[in-house]
Each structure stands twice: as C-alpha cells, then as structure tokens.
Amino acid sequence: MNIPQSNLPRVVIVGGGFAGINLVKRLANKNLQVVLIDKRNYHTFQPLLYQVSSSGLEPDSIAYPLRKIIKKHKTTFFRLAEVEQILPDKNEIITSIGHLTYDYLVIATGTKTNYFGNKAIESSSMPMKTVPQALDIRSLILQNFEKAAIADSKEEREAFLNFVIVGAGPTGVELAGAIAELKNNILPRDYHDLNPDDMHIHLLEGADRVLPPMSKHASKKAAKFLNKLGVKVHCNTFVKHYDGLTVTTNSDLTMESETLIWAAGVTGAPVQGLKAEAVIAGANRYKVNQFNQVEDYANIFAVGDIALMTSEEYPKGHPQVAQPAIQQGELLGKNILRLIENKPLKPFVYKDKGSMATIGRNKAVVDLKHYKFGGFFAWFIWMFVHLMSLVGFRNRVIVLFNWTYNYINFDKAARLIIRPFKK
Ligand SMILES: Cc1cc2nc3c(=O)[nH]c(=O)nc-3n(C[C@H](O)[C@H](O)[C@H](O)COP(=O)(O)OP(=O)(O)OC[C@H]3O[C@@H](n4cnc5c(N)ncnc54)[C@H](O)[C@@H]3O)c2cc1C
C-alpha cells in the first residue's frame, strides 16, 4: 500500500464519515502515523442527500475530498480502498489494494441499507445512502416525468407519476416534502404536458406516526405539514412485495409505481475478522465499552454508527445520527493520545443537542430537551445548523446560494439527467 515504515505508532482509521474525519482531525501532526482508508475518496454529508435526489443541490456541494481534509497533516496518509478483513492476531488488515499492519485500528464504517431480508425489494427499490444512489433517484424522477409526458394510457402515466417512499423517519419525511415541492412548483411551470393532479406522493410508515424517533409534538406537526403539501401518509403500513411496478402492503393498499424509494432503515456495516461475540446480532454493530474499545480487543476501536455503546440512559445504544459519531470521533482522538502517553482514558458521555427535520419551504420541526417547536423559526434553525455542519467553506457558500436562489424563484436548479438510470 506504499505506506512508509516509521518508528511512530500507526493508527489505521477505516471510514471517512462523520466519526472518521473528526478523529483524523484530532490526530493531525501528532507523534503518530495515521492512515485513513475509505472506499470513496470523499466524505458524504448524508443529511442533505435527499436534496441531491430531488434536484435541489448538485452532489459536489455535499461531498468533500478526503485528501483535502488531511492536506496539512504531515504524517497522515489516505488510501482509496475497501477494507475486507481484519486479522487481529497479526494486527493486520486485508484491503482491496493490499495488506497493512496497525498498532491501533479504528473501525468507522457506518451503516448500509437494511432491507430486512426482502430480496425483491432490494433488487427493485431505490436506496438513498450514497451520492451515486441519490443521483440515480434524481435521474429516475426526471426520466419518469419525461416518460409520463408520452405515456399511452392513464394507468401507465399514473405509474410514472406515483412516487412511493417507504419509511417516515427524518429521511423519508424530508424527501417526501422535497418531491411534493417538485410537484407543486416545478410541474405546473415546466411540464405543460403533465397535469400536477396526476402526480401522487405516498409515504409509508410501519409505526403509528411519522417521525417515530422524534416527539409526538413533532410527529403531529410534520403530518400536518405533509398533508398541506399533498403527501399521502399511510401509517401502520409495511411493504410486503415490490416487483418494480406493483407495491403490495400488509393492508389493502396496493399501488402501481415505477419508483419505490427505500428509506426504511439501516444496519451496521462491520468488517469480517473479529470474533462473533464482538458484533451484536441484529444490529450488526460492534459492542464497545465507554472508551469505544471493541469488547476483548485492547487496540481495536469502533466509533459512530457502527459502534454500540450501552449506558443507563441509552440501554440500546446511541441513536445512529451524526452527533454521536462526531463526538465519539473527537473523544477517541484525545483518548488515543492519552493511551500513548500512558494516561487514563476519558469515558464517552453523549451530549444530545436535539433532533430536527424539515418538510419543505418554511416548514420544519425541532425537538430540544426542554423545548419543542415547528414552523418557520424551526426551518430557519434547521437551515443554519445544516449549513454550519457542512464540511468546507466552498460547500457552505454554494449551498447557501442555491437555497437562496431556490427560495426566491421557487426553483430547483439541478434538474439534469446527467447519467440516465437504467432499471
Ligand atoms: C439519507 C440519510 C440522511 C440522514 N440525515 C441525518 C440527519 O438529518 N441528521 C443526523 O444527525 N444524521 C442523519 N443521518 C445519519 C448520519 O448520516 C449518520 O449517523 C452518520 O453519517 C454516521 O457517521 P459514521 O462516521 O459512523 O458513518 P458514515 O458517515 O456512514 O461513514 C462511513 C464511511 O465508511 C466508509 N466505509 C464503509 N465500509 C468501508 C470499508 N469496508 N472499507 C473502506 N471504507 C468503508 C464509507 O465509504 C463511508 O465514507 C442520515 C443518514 C442518511 C443515510
């Protein structure tokens, strides 16, 4: 892998997501050799993927080159590779570009889409976990509009204009709101040959309310906003089968749709090689102690979505969102330095900064510990927090410009089928 030999302890970090990049920043220019490995050469700001899918933003405003993050780190290296296996007895990993030994290994591989074992849904639906997947959704939506314009029958047109989103967590709700804005603002202006009333957005949720991880107050407000935008919400509804056209559910509901977007859940993406007990079955997350050490491995750590740390307050582990990943990455950076200096490690305590979701222009819900609110102010806070959390000054400026332009013009500028999607 062409990593120079040195006398410095080597820390290998697998994954340049929120946890990985915050860790790598803490270890910059210290007495360590750091190797960051990711199968992509960029960091993805996943909270805004839905805006790429719905033509609001171009992908380069939410992705950031990993090499640029470490450009001033003199003893840090980046390698574009997939880590395939860990050999803990040899302190070594096997990657798609070769073997590498480590003194400390940090696994920050995040999650992958969970289809709950349904192969039919996996092969026919559209996941939204990566930039290429978000671009596929964008292409499919725009291709469907074009196909609907030349459809021979009403049934055929309806199937192209029926958009089914499964999972009414923040991702599903945000995407449903954004697609509804395409229907309400773009279709009437740019697609004279289509009737916006023929377009339907269905949001399916297995729980009895939208935004199940948030407060009941937020769910109620979000359901009201979705209704206002024309999104049809179906709670207590599970998809049983989808063959690329017909959606079958546990209730009487069946629909014809060319587009089923799967936002129903994630599961951990562990790397092979550690003993079975280190990975919690079902969740696929590494069982870690309060210092993010993987159980029974003194020099292997897991951080972010892939780590499951239980505490009295979080008996099922922390939520799989950005804040725990950022906070764990930062603390582990400090702890690795303490470990090398033979100082005692500091335990992780999660500082919950609240949760939020936007449902479209001027509409969002925010849950803080002692205060829950929705509407314009919540939307403003949502925008500010997401803007400030983006990696890179250029990305912040471009996103701010796009949002302002879209807000003033009721437009979505990125409506381009650059790479057509083939089903
Ligand atoms: C669509 C969507 C919307 C979201 N919205 C929000 C939101 O609004 N607010 C919020 O707080 N959270 C949100 N989340 C969750 C949030 O993005 C995650 O909690 C966060 O990204 C976790 O960070 P991480 O570093 O653990 O993993 P990730 O950010 O997923 O990073 C993992 C990295 O590991 C790399 N990788 C994985 N396996 C390998 C391997 N074997 N070899 C090499 N590299 C590998 C991947 O390429 C990736 O870069 C959203 C997630 C999604 C998918």
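The structure presented is a predicted model; accordingly, all values stated were derived computationally and were not measured.

## Considering the packing of helix H10 (residues 376–389) against helix H11 (residues 393–409)
Stage number 1. At a closest axis distance of 9 Å, the pairing of H10 and H11 adopts a crossing angle of 150°. In this view, H10 runs roughly antiparallel relative to H11, as classed from their interaxial angle. Contacts from Phe376, Trp379, Trp382, Met383, His386, Leu387 and Met388 in H10 reach Arg396, Val399, Leu400, Trp403 and Tyr407 in H11.
Stage number 2. In the contact of H10 with H11, the residues fall into ten nonpolar, one polar and one charged.

## Structural notes on the site of the ligand
Stage number 1. Taken together, 27 residues are adjacent to the ligand, and Ala19, Asp38, Arg40, Asp305 and Ala322 come closest.
Stage number 2. Measuring from an oxygen atom of the ligand, one finds a side-chain N or O atom of Arg40 at 2.7 Å.
Stage number 3. Between the ligand and the protein, one listed contact pairs a nitrogen atom with a backbone N or O atom of Val83 at 2.9 Å.
Stage number 4. Isolated, the ligand exposes 1000 Å² of accessible area, and the fraction of that covered by the protein chains is 89%.
Stage number 5. At the level of elements, helix H1 (18–26) and helix H9 (322–340) are the ones that each hand at least two residues to the shell around the ligand.
Stage number 6. The residue makeup of the shell around the ligand, split by class, is eleven nonpolar, ten polar and six charged.

## Overview of the environment of Glu92
Stage number 1. Positionally, Glu92 belongs in strand S7 (residues 92–95).
Stage number 2. A relative accessible area of 13% places Glu92 in the buried class.
Stage number 3. For the pair Glu92 and Leu337, spaced 245 residues apart in sequence, the C-alpha to C-alpha distance is 21 Å.
Stage number 4. Apart from the residues lying within four places of it in its own chain, the contact partners of Glu92 are Gln85, Ile86, Leu87, His99, Leu100, Thr101 and Tyr102.
Stage number 5. A distance of 2.6 Å separates the side chain of Glu92 from the side chain of His99, its partner in a polar contact.

Cut-offs used in this document
Residues numbered from 1 in each chain as written. Predicted model: local features only at pLDDT ≥ 70, side-chain atom pairs only at ≥ 80, totals over all residues. Heavy atoms only, no water. Axes fitted to C-alpha atoms, helices over the stretch in contact; angles between N-to-C directions. Helix = DSSP H or I, 4+ residues; strand = E, 2+ residues; numbered from the N terminus. Parallel < 35°, antiparallel > 145°, perpendicular 65-115°, else oblique. Contact = heavy atoms within 4.5 Å. Nonpolar A, V, L, I, M, F, W, Y, C, P; charged D, E, K, R; others polar. Near = heavy atom within 4 Å. Polar contact = N/O pair within 3.5 Å; in protein donor to acceptor, adjacent residues only side chain to side chain. Areas by Shrake-Rupley, 256 points an atom, 1.4 Å probe, with all protein chains shown as cover. Buried < 20%, exposed > 50% of the residue type's maximum accessible area, 1.4 Å probe, protein only.

In short, shape yes, function no, at least from these values alone.
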